[in-house]
Amino acid sequence: MTLVQETGAAKTATDRRLPLLPLLLAVLMALSIVVQAGVARAGDAPTLRSLIEGQIAAFRSGDATAAYSYAAPKIRQMFPTPDRFMRMVERGYPPVVAPRAVSFGRLRDTARGPVQEVYLTDAGGTDWLALYSFEQQGDGSWKISGCVLTKSPGASA
């Protein structure tokens, strides 16, 4: 009789732990996905850098169509033609259009996606920090989704 009671008690404890197993597996799978996403982003660093370099080269040469090709769909919706896009950049982001020097800082993973630090020196010698954000497209490619430009506090290209 004691054996039956112990078996019953052991079974009850096991029954209480069973719902935790699916939860534990779900947590482990979620962590695995997060780790894989971080590895994918790190692997995409050269591609993201290349996007910025390509767009800056297009700006420097005045090639609005090429510069526009790097922009994410949301940017294209706001500026529906390459010429409008180029005018916006020339007016609002002159250090990006014709930088004297460019150097790359950290690539950070944020809740909204990767952000690349880019240090620029404009034609007049002023140092700037550009934070480029990216959006991954359905086909797995990346596009530039934004750029925040601020004067750089002491760091330079």
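Higher on the page you've got the structure.
Quick caveat: nothing in here was measured; it's all calculated off a predicted structure.

**Re helix α3 (residues 45-61)**
- The terminal C-alpha atoms of α3, which comprises 17 residues, lie 25 Å apart, in line with the 24 Å expected from a rise of 1.5 Å per residue.
- Taken together, the buried positions of α3 are Leu48, Leu51, Ile52, Gly54, Gln55, Ile56, Ala58 and Phe59.
- One or two positions beyond α3, positive phi appears at Gly62, with a value near 75 degrees.

**Some words on the sheet that holds strand β4 (residues 142-151)**
- Overall, antiparallel pairing links the four strands, which are arranged β1-β2-β3-β4 in an open sheet. In this open sheet, the two strands that pair with only one neighbour each are β1 (101-110) and β4. Averaged over all adjacent pairs, the angle separating strand axes in this sheet is 25 degrees, with direction ignored.

**Quick word on the nonpolar core**
- Judged by nonpolar contacts, the single largest core of 26 residues is most densely connected at Phe59, Phe85, Val96, Leu120, Ala130, Tyr132 and Phe134.
- In terms of residues, this core owes the most to one element, α3, which gives six residues.
- When residues no more than four places from it in sequence are discounted, the contact partners of Phe85 are Gln55, Phe59, Ala67, Tyr68, Ala71, Ile75 and Phe79.

**Here's the deal with the pairing of β4**
- With nine bridges connecting them, strand β3 (residues 127-136) and β4 associate as antiparallel partners. For Ala130, the partnering residue across the bridge sits in β4 and is Leu149.

**Topic: the pattern of salt bridges**
- As enumerated under the stated definition, the model contains three salt bridges in all.
- Across the salt bridge formed by Glu117 and Arg106, the nearest N and O atoms sit 3.3 Å from each other. Within this pair, whereas Glu117 is found in strand β2 (residues 113-121), its partner Arg106 is found in strand β1, the two being separated by 11 residues in sequence.
- Look at Glu117 and you get buried, because its relative accessible area is 9%.
- The partner of Glu117 in a salt bridge is Arg108, and the shortest N-O contact between them spans 3.7 Å.
- Beyond isolated ion pairs, a larger network of salt bridges with shared partners links Arg106, Arg108 and Glu117.

What counts, and at which threshold
Numbers given to residues run from 1 along each chain, matching the order in which its sequence is written. Per-residue local features of the predicted model are confined to residues with pLDDT of at least 70, and side-chain atom pairs are confined, for both listing and counting, to 80 or more; whole-chain, interface and lining totals are unaffected and use all residues. The side-chain values count all of the structure's non-hydrogen atoms but skip hydrogen atoms and water molecules. Runs of H or I in DSSP of at least four residues are treated as helices and runs of E of at least two as strands, each being numbered from the N terminus. Given the number of residues in a helix, its expected span is that number minus one, multiplied by 1.5 Å. Buried, partly exposed and exposed residues are distinguished by accessible area as a fraction of the type maximum, computed with a 1.4 Å probe on protein chains only: under 20%, between the cut-offs, and over 50%, respectively. Two strands pair under a simple rule: DSSP has to find at least two bridges between them. In this description, a line fitted to the C-alpha atoms serves as the axis of each element, helices being fitted only across the stretch in contact, and the angle between N-to-C directions of two axes falls anywhere from 0 to 180 degrees. Note on terminology: a nonpolar core comprises buried Ala, Val, Leu, Ile, Met, Phe, Trp, Tyr and Cys residues joined through side-chain atoms within 4.5 Å. When checking whether two residues touch, look at their non-hydrogen atoms; a contact exists if any pair is within 4.5 Å. Whenever Lys or Arg places a side-chain nitrogen within 4 Å of a carboxyl oxygen from Asp or Glu, that contact is recorded as a salt bridge.

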